[in-house]
Amino acid sequence: MKPDLFQAPDYYNLDDLLTDEHKLVRESARAWVKREVSPIIEEYAQKAAFPTQIIKGLGEIGGFGPYIPVEYGGAGLDQISYGLIMQEIERGDSGVRSTSSVQSSLVMYPIWKYGNEEQRMKYLPKLATGEFMGCFGLTEPDHGSDPGSMITNFKDMGDHYLLNGAKMWISNAPFADIAIVWAKNEEGRIHGLIVERGMEGFTTPETHNKWSLRASSTGELIFDNVKVPKENLLPNKSGLGAPLGCLDSARYGIAWGAIGAAMDCYDTALRYSKERIQFGKPIGGTQLQQKKLAEMITEITKAQLLTWRLGVLRNEGRATTTQISMAKRNNVDMAIHIAREARQMLGGMGITGEYSIMRHMMNLESVITYEGTHDIHLLITGMDVTGIPAFK
């Protein structure tokens, strides 16, 4: 295993905009990734398995609900700290960041925001440590970009709800202890339900043969007449806006995380360009390679400024869904282009597991699709600036 020599680029001295707490949180996450993720992640990606032994460490560095209040087991950190943690984790691997951000934004967030006090105290402290792991069921086999057309439903049976349906492409599903499931009631209104592993009729078959997010555990959620206790309904918000509010938080984390993947590809390519000798000099001394590197650091810097400003707006409670959408789309697109350019700079070595670039490139093909595809986010921005929806 090659040593993890990663050095983060900061071309515009953005560290000057961070507090000492921000930098401490980031350095703790970065050191943990170098120690616990980098040495093993290529092996786990090659064998398509999630390294469950890192779950405890993810909890210790604040990877699970860092912005959740301390009284519920969270670290009580701000949104920039959350973003920086996601950046460092995804620098290690997008699949590991997926596990972290699903737990934080798609499981803990709705329980905190939409749940009652009993639900918060029952689940959040154990989710914060990783004792409980969760997943989020919104996407269905026939309903991805149009979640409002979901067919998963539940009926009021008097002393419980009866849940039927299926969800697909669910990160953490195969090992999750609980699932936040979005389903329609008999009036067609969308609600969130907490479904626990072990409930009769609830199964989570794993999705195999992925070329992307291979070190992440993905599966389905199948509900066959599952009896869900009435106290497991999230009472404080319903309608499609409820799961979309969770996606705001998750997409914000992705906008930061994608920068981590891009920085890792850039740092790898930069170091390689100084070491690889062709025609009697390092390839970094050629114009074409310098063009690639200059464009990479420019785009990374722009993305860093975008997310920092978005983090400030999130801290102030002023960030809009459409602003978050723009950052997710821009930053993932930026990262995937950098991964492709960096892969070319490494030539044939770029496709091997000796370097992280090809793994990042494959992972980002999923990140650019999930939680709103590249094109859907484009249409969200288009609708925002014109006032005219163009989704159909």
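Residues numbered from 1 in each chain as written. Predicted model: local features only at pLDDT ≥ 70, side-chain atom pairs only at ≥ 80, totals over all residues. Heavy atoms only, no water.

> Looking at this model, I keep getting lost on the side chain of His191. Mind explaining?
Within the element layout of this structure, His191 appears in strand S5 (residues 190-196). In terms of polar contacts, His191 uses its side chain to reach the side chain of Asn185, at 3.3 Å. Setting aside its immediate chain neighbours within four residues, His191 contacts Phe154, Val181, Trp182, Ala183, Asn185, Leu233 and Ser238. (Helix = DSSP H or I, 4+ residues; strand = E, 2+ residues; numbered from the N terminus. Polar contact = N/O pair within 3.5 Å; in protein donor to acceptor, adjacent residues only side chain to side chain. Contact = heavy atoms within 4.5 Å.)

> Explain a nonpolar patch on the surface to me, please; I cannot follow it from the model alone.
On the surface, Tyr11, Tyr12, Leu17 and Leu305 cluster together into a nonpolar patch covering about 450 Å² of accessible area. As for its placement among the helices and strands, Tyr11 is situated in the segment before helix H1 (20-37). (Patch = residues over 30% accessible without salt bridge, like charges linked within 9 Å, V, L, I, M, F, W, Y side chains within 5 Å. Areas by Shrake-Rupley, 256 points an atom, 1.4 Å probe, with all protein chains shown as cover. Salt bridge = Lys/Arg side-chain N within 4 Å of Asp/Glu carboxyl O.)

> Any chance you could explain the packing of aromatic side chains here in plain terms?
Considering all chains together, one arrives at 13 aromatic pairs under this definition. Members of the aromatic cluster, joined through ring pairs, are Tyr67, Tyr82, Tyr109, Trp112, Tyr114, Phe136, Trp182, Tyr252 and Trp256. For the cation-ring pair, Lys47 lies above Tyr44, with the distance from its terminal atom to the ring centre recorded as 4.2 Å. (Phe/Tyr/Trp six-rings, centres within 6.5 Å; stacked < 30°, edge-to-face > 60°. Lys NZ or Arg CZ within 6 Å of the ring centre and 35° of its normal.)

> Sorry, what's going on with the packing of H1 against helix H4 (residues 79-92) here?
If you want to describe how two helices pack, look at the angle between their axes and the distance between the axes. Contact geometry of H1 with H4 gives a least axis separation of 9 Å together with a crossing angle of 20 degrees. Between H1 and H4, the crossing angle belongs to the class labelled roughly parallel. Relative to H4, H1 is oriented so that their crossing is right-handed. Residue-level contacts link His22, Val25, Arg26, Ala29, Arg30, Val33, Lys34 and Val37 of H1 to Ile80, Ser81, Leu84, Ile85, Gln87, Glu88, Ile89, Arg91 and Gly92 of H4. Among the residues making up the contact of H1 with H4, the classes are represented as 8 nonpolar, 4 polar and 5 charged. (Axes fitted to C-alpha atoms, helices over the stretch in contact; angles between N-to-C directions. Parallel < 35°, antiparallel > 145°, perpendicular 65-115°, else oblique. Left-handed = near helix turned anticlockwise from the far one by under 90°. Nonpolar A, V, L, I, M, F, W, Y, C, P; charged D, E, K, R; others polar.)

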